[in-house]
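# Per-entry structural report
Residues per chain, in single letters:
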Amino acid sequence: IGLVPLIKGVATITKTNVRAGTYAITAEYLGDSLSAPSTSPVLEEVVNQAATTTVLTSSVNPSSSGQTVTFTARVTSSTGLNPYGTVTFTAGATALGTVAVSDTIARISTATLPVGSTTITATYNGSTSFSGSSASLTQTVN
């Protein structure tokens, strides 16, 4: 991870933006004229997936039959880092498509929603470092 100075017998290092997983970490003292080199026992550090929140919005609601509606999913994480991966959009039981998240946003447009009310769901599929989440809204088509 890095080389840091020993200050009053303590060496401290901070690592940010670590992907989820289990890491075997050891500390190695290189020694000096008074003390011999040494290595610590292995510490198994577990980094969990960051929680996410998905918020879904419609460009126009209600809409008219045949009108193009754009659905926007904004995916944010509990860490403040931008989640990566994909969002799957569905209209009821019908898949609208799967879109890559770019700068927290995934968008999809459709003009084929049926007249009436349809539940639109955006599901962030998660990734190595971020857990999945979803949001829904009711789209009304007149």
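Look up a bit, the structure's there.
These lines cover the structure that appears in this document, whether it is placed above or below. The structure displayed is predicted, hence computed values, not measured ones.

### Let's talk about the overall build of the protein chain
When helices and strands are counted, the protein chain shows zero helices and eleven strands. Its C-alpha atoms give the protein chain a radius of gyration of 24 Å, clearly above 14 Å, the size a compact globule of 142 residues would have. Dimensions of the protein chain along its principal axes, counting C-alpha atoms only, are 85 × 20 × 15 Å. As presented, the protein chain carries roughly 8,800 Å² of accessible surface, and 53% of it is formed by carbon and sulfur atoms. Mean positive and mean negative side-chain charge positions of the protein chain (5 and 5 charges, respectively) differ by 17 Å.

### Overview of the environment of serine 109
Looking at the element boundaries, serine 109 is found in strand β9 (residues 105–110). For serine 109, a relative accessible area of 45% puts it in the partly exposed group. For the pair serine 109 and serine 58, spaced 51 residues apart in sequence, the C-alpha to C-alpha distance is 9.6 Å. A polar atom in the side chain of serine 109 sits 2.7 Å from the side chain of threonine 70.

### Brief notes about the sheet that holds strand β5 (residues 52–58)
Spatially, the three strands line up as an open sheet ordered β5-β6-β9, and their pairing is antiparallel. Each edge of the open sheet carries a strand with a single partner, namely β5 and β9. Pairwise comparison of adjacent strand axes, ignoring direction, gives a mean angle of 15° for this sheet. Two strands pair when backbone bridges link them, and β5 and strand β6 (residues 69–77) are joined in this way by seven bridges, in the antiparallel orientation. When the bridges of β6 are listed, threonine 52 appears paired with serine 77.

### Here's the deal with the sheet that holds strand β8 (residues 94–100)
One open sheet accounts for four strands, arranged β8-β7-β10-β11; its pairing is antiparallel. Lying at the two open borders of the sheet, with one neighbouring strand each, are β8 and β11 (133–141). This sheet shows a mean twist of 20° between the axes of neighbouring strands, independent of strand direction. Alignment of strand β7 (residues 86–91) against strand β10 (residues 116–124), held across five bridges, turns out to be antiparallel. Residue pairing for β10: phenylalanine 89 is matched across the bridge by alanine 122.

Definitions and cut-offs
Residues numbered from 1 in each chain as written. Predicted model: local features only at pLDDT ≥ 70, side-chain atom pairs only at ≥ 80, totals over all residues. Heavy atoms only, no water. Helix = DSSP H or I, 4+ residues; strand = E, 2+ residues; numbered from the N terminus. Rg over C-alpha atoms; globule rule 2.2 N^0.38 Å. Areas by Shrake-Rupley, 256 points an atom, 1.4 Å probe, with all protein chains shown as cover. Lys, Arg positive; Asp, Glu negative; His and termini not counted. Charge placed at Lys NZ, Arg CZ, Asp CG, Glu CD. Buried < 20%, exposed > 50% of the residue type's maximum accessible area, 1.4 Å probe, protein only. Polar contact = N/O pair within 3.5 Å; in protein donor to acceptor, adjacent residues only side chain to side chain. Pairing = 2+ DSSP bridges. Axes fitted to C-alpha atoms, helices over the stretch in contact; angles between N-to-C directions.

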